[in-house]
Protein chains: 2
Amino acid sequence: MNRFVWVMALLVFQSATAQTDDSGFLRKIADNVLSSNAAYENLRALCKTVGPRLAGSSGMVKAEAWGQKALRDAGADKVWLQECAVPNWVRGNKDEAWYSSKDGKTIKKTPMDILALGNSMGTDPKGIFLPAILINDFNELEARKAELAGKIVVFNNIFDPKNLSTFKSYGESGAYRVRGASMAAKYGAKAVLVRSITASTDNNPHTGSLVYDTAYPKIPAAAMGLKDADALIARLKAGEEVYVFYRSEARFLPDAVGHNVIGELTGSEFPDQYITVGGHLDSWDPAEGAHDDGAGCVHSIEVLRALKAIGYKPRYTLRVVLFANEENGMRGGNKYAEEAKAKGEKHVFALESDAGGFTPRSFGFTASLDQLRNMRAWVSLFEPYGVYQFNAGGGGADIGPLNRLLGTPMAGLNPDNSRYFDLHHARGDVFENVNKRELDFGALNMAMLIYMVDKYGL
Amino acid sequence: MNRFVWVMALLVFQSATAQTDDSGFLRKIADNVLSSNAAYENLRALCKTVGPRLAGSSGMVKAEAWGQKALRDAGADKVWLQECAVPNWVRGNKDEAWYSSKDGKTIKKTPMDILALGNSMGTDPKGIFLPAILINDFNELEARKAELAGKIVVFNNIFDPKNLSTFKSYGESGAYRVRGASMAAKYGAKAVLVRSITASTDNNPHTGSLVYDTAYPKIPAAAMGLKDADALIARLKAGEEVYVFYRSEARFLPDAVGHNVIGELTGSEFPDQYITVGGHLDSWDPAEGAHDDGAGCVHSIEVLRALKAIGYKPRYTLRVVLFANEENGMRGGNKYAEEAKAKGEKHVFALESDAGGFTPRSFGFTASLDQLRNMRAWVSLFEPYGVYQFNAGGGGADIGPLNRLLGTPMAGLNPDNSRYFDLHHARGDVFENVNKRELDFGALNMAMLIYMVDKYGL
């Protein structure tokens, strides 16, 4: 046997031993999470005693109190608030929309279930009543730009069911939610309606942020429930003359004071080097934000709780961060990274859960090729727990600034995405639509990944 | 370049070409299924216009008519019924149970949500009111056998949340549902109550079959909702004297006439050789049997519909079988295999879906090592669609007889099992708890597997 073979055999042996040790410890983590009701009951409390919690709302304040208590109960050594200014967009009273013919006779007044898009301006207090024009996509918008003045643009943006990831459909169809208003305003449109960014089988409208191009008037924009959208669009396709009434009180109040809620387990070897795990604490106003992103908050708290409960002392300081204002401003994530940079903190790794509390499938990483290769050697340890792939690409909106400002390698939990956009930003995103076991599997896989990174570094 | 390298290069090239061709065709299958509402709307019709359909019930007859129509609509060349006698167990009026102290004063009458187990005998028409005894497991049953006479045994069978597959917990905890009655009757117990075989967070009781050992009296048995079970068991653990009232009208009527519903696409090359794909048409009585096994029925019909819709002509005859009476007798599956054997039919492969309409994870195979190795070469084609593993071991209750009598290789679809036992055999198993996209992904993976087997053989 030559020297090379000896070395290889030794490496294989060491690797096998490490894997066996780790496998036993990961099983302890899993047993602890699966035997506990903590993540599920934390989520129940957040959804049922706090509920909606958009930045600047009274729900935000209650959620911050909830987060501090949950982190203390989980066993954090230290819990504190990191202040940041947050936008304060308010919906006002219920959005109202219906359509009819101009005279209200050929087509009778037909109400639609709609939600003003987040960050949208409202209408005139009395509402607007204007002819609707159907626009299938941005190409058609350009081709028919001369016809848009004074009208309400109805975008027929389809959430493509054939994409194998619903996030792809979200990106494609969501472009009309994010940019549609200004694209139409450029040519004189007075408001836009988009199909909700979903393929759900119900009629719930789905809100979410738009971004205005400040070069054009900030016209009001709302999302329609799919059944209502289909009915309206069918009439427009048939060439009928349809007028839409839309009334929204949406507006911005002055910025409010919000906070990232942070809990730590102090590192035993590197107390001034950080591993961050988080989700965002804010949610849209129509629902409880159970999957988006209550799940990510309780996932992250559960990582700390479970590691502490089984007596693991992290080498690096483990920080759980419940970020402020992801939905319509990203102020919390930016604040966290800016302060880390200003203080010269060293951040080893960051992990976010912001894709729901569904059964986990994979992690996605933004890291160097070496780091990714090192971590991929662990994948077989995760397979029994339903995570089969460590993919290149991924992270989270709130930890993105840490990656950009400090170069911190980051990862995101990727749960099965089949159901996410059925509920996302809509009134169906409630506690009852979260399954305890699916939620727990997300948390235990995150705790396992944090443990491996903490033990081996990157 | 030597001859060996040339041959290898050629093989790699051929294999890559085959994979590319197949990959394109599989994508066509996926696009067709994901663009269609057929599976979801078929399931809606089965759940909402037929509903519960236990063997022998009027629902069974309606379901058979639904199945024939659905198969014709899907494009089957030929649809027919295969008759088989089925057991005719009936629940009668609502099961009733409560507990109290003997005098009804120390502990007031406390109602419990329960369901008689399938195939259980009922109680005396007036009900029974007897002291309860808590038994944690079969070991304790043996140790305390002298105390059981004249009592109602309350089994504290826990559905272990720590098992990584819920099917393992189902097997462990389910042993008390299946065998508990006769084990207790052996020592003179008069009835048994089991915890429902679930870890659900609600109080819905879950029924399911028991099997009597004919050597002992057939005593009544029922499943308790978990919250009620916990409350009762806490009192028994505290040493309180608790009496249980139980009344059930469950009984058997004479066997009824049921049918397997069969639809075919005739094979172009081997019309007298068969590939079977199926689920079972019967369901328990408390719900709509949406996941168990409406999903398997519409999955199987969708395989035929999609392959026909994209113009694929199978080489072997494709048979979709909606099996009768899986839940409490397995008469349909046995009949199908017995008739196949009697007629000398050649069966190439059989695939069953009977684990719900959840997001698919893997297929499990009962096949020779060579066959499994051949099929495993296809796994990478399935990964984009969420199926990462082709495992050894698996099939289905209804196609098991085909495997045993004819040696037919078989497989089962393994969806994510996190939520299955929350709903299984309980009133939560309704259409609303099935997600369209998750259902469609099960169907398209099944259609893809059937296509590959049909094209390449085994």
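Residues numbered from 1 in each chain as written. Chains lettered and ligands numbered in written order. Predicted model: local features only at pLDDT ≥ 70, side-chain atom pairs only at ≥ 80, totals over all residues.

### A word on the domain arrangement of chain A
Residues and elements named next belong to chain A. To keep it simple, the criterion reads: Throughout, the edges of the domains are those of an automatic or database domain assignment. All amino acids are sorted into three groups, where Ala, Val, Leu, Ile, Met, Phe, Trp, Tyr, Cys and Pro are nonpolar, Asp, Glu, Lys and Arg are charged, and the leftover types, Gly among them, are polar.
For chain A, the assigned domains are domain 1 (23-88 + 254-456) and domain 2 (92-249). The C-alpha-based centres of domain 1 and domain 2 are spaced at 34 Å. Here the side of domain 1 that touches domain 2 is built from residues that sort into five nonpolar, six polar and three charged.

### Describing the sheet that holds strand β9 (residues 243-247) of chain B
All names here are of chain B. The following threshold applies: A pair of strands is treated as paired once DSSP finds two or more bridges between them. Note on conventions: DSSP H or I runs of at least 4 residues are helices, E runs of at least 2 residues are strands, and numbering of each starts at the N terminus. A fitted line through C-alpha atoms represents every axis, and for helices the fit uses only the stretch in contact; the resulting angles, taken between N-to-C directions, go from 0 to 180 degrees.
Pairing in this open sheet of eight strands is mixed, and the strands run β3-β2-β9-β5-β6-β7-β8-β4 from one edge to the other. What marks the edges here is a single partner per strand, and that holds for β3 (110-112) and β4 (114-116). Sheet twist, expressed as the mean angle between neighbouring strand axes with direction ignored, is 30°. Both strand β6 (residues 152-155) and strand β7 (residues 191-195) contribute to a ladder of four bridges, which runs parallel. For I152, the partnering residue across the bridge sits in β7 and is A191.

### As for the nonpolar core
The test is simple: Working definition: the nonpolar core is a set of buried Ala, Val, Leu, Ile, Met, Phe, Trp, Tyr and Cys residues, joined through C-beta atoms within 7 Å. Whether a residue is buried, exposed or partly exposed is read from the other C-beta atoms within 10 Å of its own C-beta, which are placed from the backbone; 20 or more gives buried, 12 or fewer gives exposed, and intermediate counts give partly exposed. By the convention adopted here, residues make contact when the C-beta atoms placed from their backbones lie within 7 Å.
By size, the foremost hydrophobic cluster in this structure holds 93 residues, and its most contacted members are A:L43, A:V303, A:L444, A:A447, A:M448 and A:I450. Here this core takes 12 residues from helix α13 (residues 436-456) of chain A, the largest share from any one element. Looking at which domains feed residues into this core, each of domain 1 (23-88 + 254-456) and domain 2 (92-249) of chain A gives three or more. Discounting chain neighbours no more than four positions away, the residues touching A:M448 are A:L26, A:I29, A:F382 and A:Y385. B:L265, B:W284, B:A324 and B:A443 belong to the second largest nonpolar core, which has 92 residues in total.

### Focus on unusual backbone geometry
Across the chain, the bulk of peptide bonds are trans and the bulk of non-glycine residues have phi less than zero. Residues and elements named next belong to chain A. The omega angle of the peptide bond from D292 to D293 is 0°, so this bond is cis rather than trans. Structurally, D293 can be placed in helix α7 (residues 290-309). A positive phi is found at M330, a non-glycine position, where the angle reads about 65°. Classification of M330 by C-beta neighbours within 10 Å gives buried; the count is 20. The backbone phi angle of H425 is positive, close to 65°, even though this residue is not glycine. Inspection of the secondary structure puts H425 in the loop between α12 (420-423) and α13.

### What to know about the interface of chain A and chain B
Across the contact, 20 residues belong to chain A and 20 residues belong to chain B. Contributions of two or more residues to the side of chain A that touches chain B are made by α1 (3-35) and α13 of chain A. The dominant element in the side of chain A that touches chain B, judged by the number of residues it contributes, is α13(A), at four residues. The residue inventory of the side of chain A that touches chain B, partitioned by class, reads seven nonpolar, five polar and eight charged.

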